Amino acid sequence: MTEQDEYWMRQAMVLAAKAEQENEVPVGALVVHNGECIGQGWNKSIGNHDATAHAEIMALRQAGKVLGNYRLLECTLYVTLEPCIMCAGAMIHSRIQRVVYGASDAKTGALDSVLQLLATPGLNHLVAWQSGVLADECATQLSAFFKRRRAEKKAARKQQN
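Just so it is clear, the model here is predicted, and its values are computed rather than measured.

Caption draft 1: Seen up close, the overall build of the protein. A tally of regular secondary structure across the protein gives five helices and five strands. Start at the N end of the protein and walk to the C end: the helices and strands fall as α-β-β-α-α-β-α-β-β-α. Its C-alpha radius of gyration of 16 Å places the protein within 12% of the 15 Å reference for a compact globule of 161 residues. When its C-alpha atoms are laid out on the principal axes, the protein stretches across 55 × 30 × 30 Å. Out of the 161 residues belonging to the protein, those deemed buried represent 43%. In the protein, of all internal contacts separated by at least 6 residues, the share reaching a separation of at least 24 is 56%.

Caption draft 2: Here's a closer look at the layout of surface pockets. In this structure, the largest pocket spans a volume of roughly 210 Å³. What lines the largest pocket is a set of 14 residues, among which V27, N43, H54, L81 and D105 lie closest to the centre. Its residues placed into classes, the lining of the largest pocket shows six nonpolar, four polar and four charged. In this structure, the second largest pocket encloses a volume near 170 Å³. Counted by class, the lining of the second largest pocket contains five nonpolar, two polar and two charged residues.

Caption draft 3: Main features of the sheet that holds strand 1 (residues 28-33). Pairing within the open sheet is mixed, and its five strands lie in the order 2-1-3-4-5. Pairing within the sheet leaves two strands with one partner each, and these edge strands are strand 2 (36-42) and strand 5 (128-130). On average, each strand axis in the sheet is inclined to that of its neighbour by 20°, with strand direction left out of account. With three bridges connecting them, strand 4 (residues 98-103) and strand 5 associate as parallel partners. Residue pairing in the sheet places R98 in a bridge with A128 of strand 5.

Caption draft 4: Local environment of helix 5 (residues 135-160). For helix 5, with 26 residues, the first-to-last C-alpha span of 38 Å sits near the 38 Å given by 1.5 Å per residue. Looking only at helix 5, the buried set comprises C138, Q141, L142 and F145. Those residues of helix 5 that are buried are in contact with helix 1 (3-21), strand 3 (75-81) and strand 4.

Caption draft 5: Summary view of the packing of aromatic side chains. All chains considered together, the criterion is met by two aromatic pairs. Centre to centre, the rings of Y7 and W8 are 4.9 Å apart; their planes meet at 75°, and the pair counts as edge-to-face. Take Y7: its relative accessible area is 46%, and that puts it in the partly exposed class. Looking at W8, the relative accessible area reads 9%, which means it is buried. A ring pair is formed by F145 and F146, whose centres lie 5.1 Å apart and whose planes are at 75°; its orientation type is edge-to-face.

Caption draft 6: Up close: the UniProt feature "domain: CMP/dCMP-type deaminase" (unreviewed entry) in the protein. UniProt records the feature "domain: CMP/dCMP-type deaminase" (unreviewed entry) for residues 3-114 in the present numbering. In residues 3-114, the share of helix is 41% and the share of strand is 23%. The end C-alpha atoms are 28 Å apart.

The rules behind the values
Counting restarts for each chain, with residues numbered from 1 along the sequence as it is written. The model is predicted, so local features are restricted to residues of pLDDT at least 70 and side-chain atom pairs to those at 80 or more, both for listing and for counting; the totals for chains, interfaces and linings are taken over all residues. Hydrogens and waters are ignored; side-chain quantities use all the structure's heavy atoms. Here a strand is any run of E in DSSP of at least two residues, a helix any run of H or I of at least four, and the numbering for each starts at the N terminus. Only the C-alpha atoms count toward the radius of gyration. The rule for a globule is 2.2 Å times the residue count to the power 0.38. For every residue, the accessible area obtained with a 1.4 Å probe (protein chains only) is divided by the maximum for its type, and the residue is called buried under 20%, exposed over 50%, and partly exposed between those limits. Residues count as neighbours in contact if any of their non-hydrogen atoms are within 4.5 Å of one another. For cavity detection a 1 Å grid was placed over the protein atoms alone, and a set of points counts as a cavity when a 1.4 Å probe fits there but cannot get out; an open set counts as a pocket when protein lies on both sides within 12 Å along at least five of seven lines, with lining residues being those that have an atom within 4 Å of a point. Grid points are joined across faces, edges and corners, and a volume is the space filled by probe spheres set on the points. In the scheme used here, Gly and all other residues not listed as nonpolar or charged are polar, with Ala, Val, Leu, Ile, Met, Phe, Trp, Tyr, Cys and Pro taken as nonpolar and Asp, Glu, Lys and Arg as charged. Two strands pair under a simple rule: DSSP has to find at least two bridges between them. The angle between two axes is taken between their N-to-C directions and runs from 0 to 180 degrees, where each axis is a line fitted to C-alpha atoms and a helix contributes only its stretch in contact. Given the number of residues in a helix, its expected span is that number minus one, multiplied by 1.5 Å. A pair of Phe, Tyr and Trp rings is counted when the ring centres sit within 6.5 Å of each other, with Trp represented by its six-membered ring. The angle between the planes then sorts it: under 30 degrees is stacked, over 60 is edge-to-face, the rest tilted. UniProt positions are given in the numbering used here, feature names are shortened, and annotations may be inferred rather than shown by experiment.

Take a look at the structure:
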């Protein structure tokens, strides 16, 4: 883990906070090319009614528009939560060079936790990855969100009774 990785992960955490403000699961992502952020995103699946509107996908889309090419060669994707299968597949197809993530996802993580998709032999593109950058801080951001959501649901049930 480098200082640069920590810096960009903190920026991704700011984006995750935007997702939480929109009552979305707080995951943030950004794409960096030559030391500059060229794409950013946060979860918008609930608000957009779109299962593909994950933070990573939003950031990859924006970066592609900035570069004028879906191939994001020499780019790094930073994301606060381990990517799912869909997002890992998008990273392969975008030819991203590297992905750095914070918290592991024991339920849907496709890089280390549930699957190791990027390590699958025979893929047309290999993506390097780094796990655990600011993992505790990223995990705390997510767990605080879910704790608050559970408390809100419990309070709503009490009001109904």
